[in-house]
Amino acid sequence: MSTSMSTAASTPAKTPQASIRLRPVEWPDIDALTALDSELFPDDAWSAQSWWAELAGRPRRRYIVATAGDAVVGYAGVDCTGQTADVMTVGVAPAAQGSGLGRRLLDWMIREAADSGAEALLLEVRADNERARNLYLRAGFEQLQTRRGYYQPGGVDAHVMRLLLTEEATS
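First, a word on what this report is: a plain description of the structure on this page. On a predicted model such as this, the values are computed, not experimentally measured, just so you know.

Re the packing of helix H1 (residues 30–40) against helix H2 (residues 48–56)
Part 1 of the reasoning: Axis separation between H1 and H2 bottoms out at 9 Å; the angle between their running directions is 120°. Our classification of the angle between H1 and H2 gives oblique. Note on packing geometry: the crossing formed by H1 with H2 is right-handed. Across the interface between the two elements, Ile-30, Leu-33, Thr-34 and Asp-37 from H1 touch Ala-48, Trp-51, Trp-52 and Leu-55 from H2.
Part 2 of the reasoning: Split into classes, the residues belonging to the contact of H1 with H2 amount to six nonpolar, one polar and one charged.

Structure follows, in structure tokens:
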């Protein structure tokens, strides 16, 4: 699981929120998703094969892409099974950071999890990704545990966080 609020080189500087469209991921998006994921997560980016496998897991696995014009500026995925849903990945291109897109993607994942009947949404986030951790805390997530040295190389800790999906949390 990877989460970042960290673009493809063709993305315009500071993408305004109003110009960003969310839609379900389609097979032709895989090259752009792979490129953006490699930029955001150079040490543990998903390969095209990983993206293909994830999309084959639908409808249990749900993915959206955020676009500004023809450029992919973000994406999110959630695994909705049983009482607990899991954030699979989320990323925001640097040009779209600070626009509210990360919160918009997170809100979508929360709604998808709640709509699937899940009672909680779990995620792992790098301990050194302060921007993402703060977003999750503001959204009501609580830290459950720390997995020491989880992200390799580099041995960066992962914080496991949970949001209980009450009516207040999903409205």
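Quick look at the environment of Arg-60
Part 1 of the reasoning: Its place among the elements puts Arg-60 in the loop between H2 and strand E3 (61–68).
Part 2 of the reasoning: Since its relative accessible area comes to 40%, Arg-60 is described here as partly exposed.
Part 3 of the reasoning: When the C-alpha atoms of Arg-60 and Cys-80 are compared, they prove to be 5.4 Å apart, with 20 residues separating the residues in sequence.
Part 4 of the reasoning: Setting aside residues up to four positions removed in sequence, Arg-60 forms contacts with Val-78, Asp-79, Cys-80 and Thr-81.
Part 5 of the reasoning: In this structure the side chain of Arg-60 is engaged in a polar contact, spanning 2.7 Å, whose partner is the side chain of Asp-79.

So, unusual backbone geometry
Part 1 of the reasoning: Residue Pro-59 follows Arg-58 across a cis peptide bond; omega there is 10°.
Part 2 of the reasoning: The residue Pro-59 is located in the loop between H2 and E3 in this model.
Part 3 of the reasoning: Cis rather than trans, the peptide bond between Gln-152 and Pro-153 has omega equal to -10°.
Part 4 of the reasoning: In this structure, Pro-153 sits in the loop between strand E7 (142–151) and strand E8 (156–164).

Conventions adopted
- Residues numbered from 1 in each chain as written.
- Predicted model: local features only at pLDDT ≥ 70, side-chain atom pairs only at ≥ 80, totals over all residues.
- Heavy atoms only, no water.
- Axes fitted to C-alpha atoms, helices over the stretch in contact; angles between N-to-C directions.
- Helix = DSSP H or I, 4+ residues; strand = E, 2+ residues; numbered from the N terminus.
- Parallel < 35°, antiparallel > 145°, perpendicular 65-115°, else oblique.
- Left-handed = near helix turned anticlockwise from the far one by under 90°.
- Contact = heavy atoms within 4.5 Å.
- Nonpolar A, V, L, I, M, F, W, Y, C, P; charged D, E, K, R; others polar.
- Buried < 20%, exposed > 50% of the residue type's maximum accessible area, 1.4 Å probe, protein only.
- Polar contact = N/O pair within 3.5 Å; in protein donor to acceptor, adjacent residues only side chain to side chain.

Shape is all these values report; function is a separate question.
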